[in-house]
Amino acid sequence: MKTIPNAWLGCTDKTIPLVGFGTAVYPLQPSQTMRESILRAIQLGYRHFDSAALYQSEQPLGEAIAEAIDKGFITSRDQLFITSKLWCSDAHHDRVLPALQNSLQNLGLEYLDLYLIHWPVSTAPGKHEFPVKKEDVVPMDLKSVWEAMEECKNSGLTKSIGVSNFSCQKLQRLLATAKIPPAVNQVEMNPLWQQKKLREFCERNGIHVTAYSPLGAKGTIWGCSQVMGCEVLNDIAKARQRTIAQVIF
Ligand SMILES: NC(=O)c1ccc[n+]([C@@H]2O[C@H](COP(=O)([O-])OP(=O)(O)OC[C@H]3O[C@@H](n4cnc5c(N)ncnc54)[C@H](OP(=O)(O)O)[C@@H]3O)[C@@H](O)[C@H]2O)c1
């Protein structure tokens with residue numbers, strides 16, 4: 001695999017590999033399957049791994065990292081960019097730092113490269129459920145949750161902090177009080193949903209945008225087949241003698 005290029009992260013001196021390996025699987029796969037596929041990904045050259053408390057992938061990711069070091073695929077954890085995310089039931093000021101500490105414990109790591117608010121939604125504290133039940137949703141106190149995210153960064157337990165699934169309006173609200181601006185907004189993005197307005201907003205504000213479900217997440221409960229089944233993309237792929245997935249990337 002070719003070396004994956006990096007991008008600068010917002011206004012920081014940190015970089016993020018532009019292609020990451022997602023670890024969300026639904027229905028959940030055995031921990032061993034996850035560990036083996038992540039280990040293979042490290043061997044192939046992936047250096048950026050996207051995890052979340054919700055995905056239950058933190059432990060297998062941590063085990064794969066330890067094994068990759070043992071096997072000499074990488075020399076240290078510092079060669080990787082590890083992201084995890086705060087689940088909605090922990091999106092309450094006093095639960096944020098303990099949630100990060102719990103993620104680090106699952107991973108067996110001392111720090112994350114990036115910690116994200118998974119959704120701009122809070123649910124009943126500690127009720128770790130997916131899909132979220134409507135009656136469990138409570139108003140998010142974005143200012144105080146972000147203050148706790150800033151404490152996470154200041155504590156050194158994560159190198160950078162960011163958000164996921166935030167609209168321009170939500171980002172504007174966040175930026176109005178943030179002392180540390182979000183380095184990243186991770187959102188669903190693909191050739192059929194290009195998020196132009198959001199990307200322009202983020203560019204103006206120094207926020208790196210990461211695309212999730214870039215292939216349309218076909219075969220998952222949250223995805224659709226429109227992207228991989230798109231005729232225009234198929235024509236481009238044929239003309240260039242590439243697969244649709246290669247054309248998308
Ligand atoms: N922040 C968020 O709220 C959020 C939400 C969703 C996802 N994510 C992140 O984004 C990651 C990726 O998103 P995703 O899994 O939802 O969607 P995706 O990457 O768009 O789609 C994954 C699907 O594409 C298929 N696929 C993968 N490579 C392919 C290729 N080369 N050719 C043809 N098909 C291919 C796979 O099918 P097979 O398995 O059948 O091969 C898989 O079902 C997740 O793992 C997670 O880390 C974040």
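Let me sum up the structure you'll find in this document. Since we're looking at a predicted model, the values are computed, not measured.

### Quick notes on the site of the ligand
Surveying the vicinity of the ligand reveals 21 residues, the closest of which are Asp50, Ser164, Ser213, Leu215 and Trp222. In the environment of the ligand, an oxygen atom lies 3.0 Å from a nitrogen or oxygen atom belonging to the backbone of Ala24. One of the side-chain nitrogen or oxygen atoms of Gln186 is found 2.9 Å away from a nitrogen atom of the ligand. If the ligand stood free it would expose 910 Å²; the protein chains cover 61% of that surface.

### Topic: the packing of helix 3 (residues 93-107) against helix 4 (residues 142-154)
Contact geometry for helix 3 and helix 4: axes closest at 8 Å, N-to-C directions at 30°. What the angle tells us is that helix 3 and helix 4 run roughly parallel. Two packed elements cross with a definite hand, and for helix 3 against helix 4 that hand is right-handed. When helix 3 is examined against helix 4, the residues His93, Val96, Leu97 and Leu100 are found in contact with a partner set consisting of Ser144, Val145, Glu147, Ala148, Met149, Glu151 and Cys152. Taken together, the residues of the contact of helix 3 with helix 4 sort by class into 7 nonpolar, 2 polar and 2 charged.

So, how was this worked out
Residues numbered from 1 in each chain as written. Predicted model: local features only at pLDDT ≥ 70, side-chain atom pairs only at ≥ 80, totals over all residues. Heavy atoms only, no water. Near = heavy atom within 4 Å. Polar contact = N/O pair within 3.5 Å; in protein donor to acceptor, adjacent residues only side chain to side chain. Areas by Shrake-Rupley, 256 points an atom, 1.4 Å probe, with all protein chains shown as cover. Axes fitted to C-alpha atoms, helices over the stretch in contact; angles between N-to-C directions. Helix = DSSP H or I, 4+ residues; strand = E, 2+ residues; numbered from the N terminus. Parallel < 35°, antiparallel > 145°, perpendicular 65-115°, else oblique. Left-handed = near helix turned anticlockwise from the far one by under 90°. Contact = heavy atoms within 4.5 Å. Nonpolar A, V, L, I, M, F, W, Y, C, P; charged D, E, K, R; others polar.

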